[in-house]
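Each chain, letter by letter, is given below.
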Amino acid sequence: MWSWVAHRVTGVLIFFFLFVHVLDTALVRVSPEDYDKVVATYKTPIVALLEYGLVAAILFHALNGLRVIAVDFWSKGPRYQKQMLWSVVGLWVVLMLGAIYPVLGHAARELFGS
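Because the structure is a prediction, the values reported are computed rather than measured.

Attention shifts here to the overall build of the protein chain. The secondary structure content of the protein chain amounts to five helices and zero strands. When the elements of the protein chain are put in sequence order from the N terminus, they spell out α-α-α-α-α. Its C-alpha atoms give the protein chain a radius of gyration of 18 Å, clearly above 13 Å, the size a compact globule of 114 residues would have. If one aligns the C-alpha atoms of the protein chain with their principal axes, the spans along those axes are about 55 × 35 × 20 Å. Burial status across the protein chain gives 25% buried among its 114 residues. For the protein chain, the accessible surface area stands at approximately 8400 Å², while carbon and sulfur atoms represent 74% of it. Measuring between centres, the 9 positive side-chain charges of the protein chain sit 19 Å from its 7 negative side-chain charges.

Printed below as a string of structure tokens:
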């Protein structure tokens, strides 16, 4: 059940990000100066943490979506859904650990120096 909830929550979060992304990208046509200010705020360490959360949401949503497809379309899917869920969680943790430096490296250098 929690994977169902997490799948819906990550989907809503991704939709919200895409909505905000379209709005801030459209700002470049309305006011390039304001667009530059918005983009400057995206280079802060707090936003880097939010980006890491975005990566986490997208990655979990994608991996769990593949699991849902397997459960729905593979004849043995319902029998192995629990094992597939733990595989998704394990793979998600490994990939999120691998994403720490690429996503948060700039924020760490800004906060703690080179």
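Let us now look at the UniProt feature "transmembrane region" (unreviewed entry) in the protein chain. Per the UniProt record, "transmembrane region" (unreviewed entry) is found at residues 12-30, 42-63 and 84-104. Across residues 42-63, helical content stands at 86% and strand content at 0%; the span's end C-alpha atoms are separated by 27 Å. Along residues 84-104 one finds 95% helix and 0% strand; the C-alpha atoms at either end are 29 Å apart.

Taking 1.5 Å per residue as the helical rise, helix α5 (residues 100-112) with its 13 residues ought to reach 18 Å, whereas the 15 Å between its terminal C-alpha atoms falls clearly short. Considering bend angle alone, the principal kink of α5 is centred on H106 and spans about 35°. Those residues of α5 that fall on the buried side of the exposure criterion are V103, L104, G105 and A107. The first or second residue beyond α5 is G113, which carries a positive phi of 85°.

A cluster of nonpolar residues, F15, F16, F19, V20, L23 and Y42, forms a patch on the protein surface that exposes about 630 Å² of accessible area. Checked against the element boundaries, F19 lands in helix α1 (residues 2-30). You can call F19 partly exposed: its relative accessible area is 47%.

Right, let's talk about the packing of α1 against helix α3 (residues 45-73) for a bit. Remark: α1 packs on α3, axes separated minimally by 9 Å, with the N-to-C direction vectors making an angle of 130°. Between α1 and α3, the interaxial angle falls into the category oblique. Pair α1 / α3 crosses with left-handed handedness. Here α1 contributes S3, A6, H7, T10, G11, I14 and F17 to the contact with α3, which in turn contributes L54, A57, I58, F60, H61, N64, G65 and R67. Considering only residue class, the contact of α1 with α3 consists of seven nonpolar, seven polar and one charged.

At a minimum axis distance of 6 Å, the contact between α1 and helix α2 (residues 32-41) shows a crossing angle of 145°. Taken together, the residues of α2 that come into contact with α1 (itself represented by D24, T25, L27, V28 and V30) are P32, D34, Y35 and V38. Of the residues belonging to the contact of α1 with α2, the class tally is six nonpolar, one polar and two charged.

Analysis parameters
Residues numbered from 1 in each chain as written. Predicted model: local features only at pLDDT ≥ 70, side-chain atom pairs only at ≥ 80, totals over all residues. Heavy atoms only, no water. Helix = DSSP H or I, 4+ residues; strand = E, 2+ residues; numbered from the N terminus. Rg over C-alpha atoms; globule rule 2.2 N^0.38 Å. Buried < 20%, exposed > 50% of the residue type's maximum accessible area, 1.4 Å probe, protein only. Areas by Shrake-Rupley, 256 points an atom, 1.4 Å probe, with all protein chains shown as cover. Lys, Arg positive; Asp, Glu negative; His and termini not counted. Charge placed at Lys NZ, Arg CZ, Asp CG, Glu CD. UniProt positions renumbered as here; feature names shortened; annotations may be inferred. Expected span 1.5 Å × (residues − 1). Bend = angle between axes of the 7 residues up to and from the residue. Patch = residues over 30% accessible without salt bridge, like charges linked within 9 Å, V, L, I, M, F, W, Y side chains within 5 Å. Salt bridge = Lys/Arg side-chain N within 4 Å of Asp/Glu carboxyl O. Axes fitted to C-alpha atoms, helices over the stretch in contact; angles between N-to-C directions. Parallel < 35°, antiparallel > 145°, perpendicular 65-115°, else oblique. Left-handed = near helix turned anticlockwise from the far one by under 90°. Contact = heavy atoms within 4.5 Å. Nonpolar A, V, L, I, M, F, W, Y, C, P; charged D, E, K, R; others polar.

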